[in-house]
Amino acid sequence: SVLVVDFGAQYAQLIARRVREARVYSEIVPHTMPVGEILAKNPKAIILSGGPSSVYADGAPHLGPEIFEAGVPVFGICYGFQAMALALGGTVDNTGGREYGRTPLTVTREGSTLFEGTPGEQPVWMSHGDACSAAPEGFTVTAATDGAPVAAMECDERRLYGVQYHPEVLHSTHGQQLLEHFLYRGAGLKPNWTTRNVVEESIAAIREQVGTKRAICGLSGGVDSAVAAALVQKAVGSQLTCVYVDHGLMRKGESEQVEKDFVAATGVQLKVVDAQERFLDALAGVSEPEQKRKIIGREFIRVFEQAASEIVAEAGAHGEQVEFLVQGTLYPDVVESGGGTGTANIKSHHNVGGLPEDLQFQLVEPLRRLFKDEVRMVGQELGLPDEIVQRQPFPGPGLGIRIVGEVTKERLDLLREADAIAREELTAAGLDRDIWQCPVVLLADVRSVGVQGDGRTYGHPIVLRPVSSEDAMTADWSRLPYEVLAKISTRITNEVDEVNRVVLDVTSKPPGTIEWE
Ligand code: XMP
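About the thresholds
- Residues numbered from 1 in each chain as written.
- Predicted model: local features only at pLDDT ≥ 70, side-chain atom pairs only at ≥ 80, totals over all residues.
- UniProt positions renumbered as here; feature names shortened; annotations may be inferred.
- Helix = DSSP H or I, 4+ residues; strand = E, 2+ residues; numbered from the N terminus.
- Buried ≥ 20, exposed ≤ 12 C-beta atoms within 10 Å, placed from the backbone.
- Contact = placed C-beta atoms within 7 Å.
- Pairing = 2+ DSSP bridges.
- Axes fitted to C-alpha atoms, helices over the stretch in contact; angles between N-to-C directions.
- Parallel < 35°, antiparallel > 145°, perpendicular 65-115°, else oblique.
- Left-handed = near helix turned anticlockwise from the far one by under 90°.
- Nonpolar A, V, L, I, M, F, W, Y, C, P; charged D, E, K, R; others polar.
- Near = placed C-beta within 6 Å.
- Domains from an automatic or database assignment.

As recorded in an unreviewed UniProt entry, the chain goes by GMP synthase [glutamine-hydrolyzing] and comes from Streptomyces pathocidini. Regarding the chain, the relevant UniProt record gives this comment under Catalytic activity (unreviewed entry): "XMP + L-glutamine + ATP + H2O = GMP + L-glutamate + AMP + diphosphate + 2 H(+)". Within the UniProt record for the chain, the comment given under Function (unreviewed entry) is "Catalyzes the synthesis of GMP from XMP."

Below, the structure is given as structure tokens:
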């Protein structure tokens, strides 16, 4: 694979994704990993990511020349580029100046491995203080900007390349092409990391891990658990049993999607636990959001645990053992938690944490190497319904934290109707890909006066919370077309009893969170 050495800025994951978009498999390693260990992984190429602002800053990570002497193609980006220039004998000036944002780049295309076929002038995304003023011996300088006399350097003989700017950012309009030129032309790699290969490799790995033992998997209705389960089903078929806890806090049609459409698409064995009453009873009289979350989490574990023991007991009666628990852990979680490999105890996981000692499983995590968009592609490849594969984020506690006030059956039904209308109209207007998600919230503790027909009403407001976001850490409210908002408002107030007002949340995150509770 291609290894992206993470120098601590936020760019490494983005670079790894871009490399995979070029259909070349890539993984991230921390810059603290010794060079010997990096090389022992036999990388096909190495990319050094951006990092701290200056190679001269206190504690800035250094790079010895060894990594460039192993014959492995290396591409340095921003900080990685400067560290490379310095390590190979180039000059990096501690200028104190700064070049930030969209910057015009002047390029020499002739004879360039990186820039052939791209414009002589192109916008790139810069973010640096120091500047490289002289490339190391043997390198050709192939691009410059006003603030960076050496903005790109290439040495075909040693297959070493570097750029001062960020090709992985979309503002660098030819950045992806540049990366592909490095991968295909510079490093001689072939674009063969395809969804089909991912599926085939995963299936082989799951078969090897699970063998003839049994596995269980909790389905949440979300894309990750669905795709993980579908992969394991494809690999070991009837050795897998899925559990779906219907807590009654799902949106309209979502339980049917799991119980009917998902089962039809995969042929998976599914145990459905109807726990709606149990959750309603536990939530009765509770309005405080954190308390609601705790109750929902606790009840979920108890119900899942009960279902799991039943499956274990049934298998035991047939002389079989359930040894594995399937989880939809994604690559970003793996990277952020230190990238450790191997199997973890079930108790360490937050979704189903707290299972008792006598219920210990090994984890099967078929999505550990994948980014979210890749998980969606795998789901598509496996023939899962679009409603599941393209589903927007939805919180674990479901509609329970979208009712401001006590959660009751009537309120859930009412919110389900309003939410279904909003989703229907957003889809009809073709806006699903533009927004990150759109919580629909019922202000159950608030009443407002309205007039409908000839009468005065005293009903509840519904809040629309459409947001755009990259990762849910920050978000902005989506500027939806007025006609779409008008249609949603008219339909909700006409079709949902008890609702006489629809309001729009125009708060970014921060200061507001995406959810109301
Ligand atoms: P906030 O409201 O914190 O939400 O801005 C950020 C993202 O996380 C989702 N969310 C949750 N997801 N369990 C989850 O699995 C939760 O308890 C939970 N709370 C919020 C939310 O929908 C948004 O995408």
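Read on, since the account is not over.
Undergrad: Summarise the overall build of the chain; cite the residues concerned and give the values.
TA: The helix and strand inventory of the chain stands at 14 helices and 22 strands. Considered along the principal axes of its C-alpha atoms, the chain spans approximately 80 × 65 × 40 Å. The buried share of the chain, taken over its 517 residues, is 41%. In the chain, 73% of the contacts between residues at least 6 apart in sequence involve partners at least 24 apart.

Undergrad: Can you explain the pairing of strand 3 (residues 45-48)? Please cite residues and give values.
TA: Residues of strand 3 alternate between two faces, with Ala45 and Ile47 on one and Ile46 and Leu48 on the opposite face, all of them buried. For strand 1 (residues 2-6) and strand 3, the ladder comprises 4 bridges, and the chain directions are parallel. From the neighbouring strand, Val4 faces strand 3, where its bridge partner is Ile47.

Undergrad: So what about the sheet that holds strand 15 (residues 322-326)? Which residues, and what values?
TA: Read from one edge of the open sheet, 5 strands run 14-13-12-15-16, paired in parallel fashion. Edge positions in the sheet fall to strand 14 (269-274) and strand 16 (362-364), since each has one partner strand and no second. Put simply, the sheet's adjacent strands are angled 30° from each other on average, direction ignored. Both strand 12 (residues 214-219) and strand 13 (residues 240-246) contribute to a ladder of 5 bridges, which runs parallel. When the sheet's bridge partners are listed, Leu219 is paired in strand 13 with Tyr244.

Undergrad: Please set out unusual backbone geometry residue by residue, giving values where relevant.
TA: In this chain, Lys509 is followed by Pro510 through a cis amide linkage whose omega measures -15°. Tracing the sequence through the fold places Pro510 in the segment after strand 22 (499-504). Here the residue pair Pro510 and Pro511 is connected by a cis peptide bond, since its omega of 10° sits within 30 degrees of zero. Along the chain, Pro511 turns up in the segment after strand 22. Positive phi, close to 55°, is recorded for Cys78, a residue that is not glycine. As for its position among the elements, Cys78 is in the loop between strand 4 (74-77) and helix 3 (79-87).

Undergrad: If you had to explain the packing of helix 6 (residues 223-236) against helix 11 (residues 372-381) to someone new, which residues and values would you point to?
TA: Close contact between helix 6 and helix 11 brings their axes to 10 Å; oriented N to C, the two are set at 50°. One element, helix 6, and the other, helix 11, form an angle in the oblique class. Relative to helix 11, the crossing made by helix 6 is left-handed. Residues Val223, Asp224, Ala226, Val227 and Ala230 of helix 6 form the contact with helix 11, whose participating residues are Val375, Arg376, Val378 and Gly379. Of the residues assigned to the contact of helix 6 with helix 11, the class counts are 6 nonpolar, 1 polar and 2 charged.

Undergrad: Describe the UniProt feature "active site" (unreviewed entry) in the chain, with residues and values.
TA: If you check UniProt for "active site" (unreviewed entry), the listed places come out as Cys78, His166 and Glu168 in our numbering. A maximum C-alpha distance of 10.9 Å among these annotated residues, which run over 91 residues, shows that they cluster at one spot. Assessed through the 26 C-beta atoms surrounding it within 10 Å, Cys78 is described here as buried. Apart from the residues lying within four places of it in its own chain, the contact partners of Cys78 are Gly50, Ser127, His128, Gln164, Tyr165 and His166. Among the secondary structure elements, Glu168 is positioned in the loop between strand 11 (160-163) and helix 4 (175-186).

Undergrad: Let's hear about the site of the ligand: which residues, and what values?
TA: For the ligand, the full set of nearby residues is Arg293, Pro393, Pro395, Gly396, Pro397, Gln437, Ala472, Lys509, Thr513, Ile514 and Glu515. Each residue belonging to the shell around the ligand can be placed in one class, and the counts come to 5 nonpolar, 3 polar and 3 charged.

Undergrad: Give me the lowdown on the sheet that holds strand 1, citing residues and values where you can.
TA: With respect to topology, 9 strands assemble into an open sheet ordered 2-1-3-4-11-10-9-6-7, the strand pairing being mixed. Taken across any chain shown, the strands that pair with only one partner, and hence form the sheet edges, are strand 2 (26-30) and strand 7 (121-128). Across the sheet, the axes of successive neighbouring strands diverge by a mean angle of 25°, strand direction being ignored. The pairing of strand 9 (residues 140-144) with strand 10 (residues 152-155) spans 3 bridges and is classified as antiparallel.

Undergrad: For the domain arrangement of the chain, give the residues involved together with the corresponding values.
TA: A common way to express how large an interface is: the accessible area buried when the components associate. By domain assignment, the chain separates into domain 1 (2-186), domain 2 (195-389) and domain 3 (402-504). Each of domain 1 and domain 2 was reduced to a C-alpha centroid, and the two centroids are 40 Å apart. Between domain 1 and domain 2, the residue contacts involve 4 residues of the former and 4 residues of the latter. By residue number, the principal contributor to the side of domain 1 that touches domain 2 is helix 1 (residues 12-21), which donates 3 residues. Its residues assigned to classes, the side of domain 1 that touches domain 2 shows 1 nonpolar, 1 polar and 2 charged.

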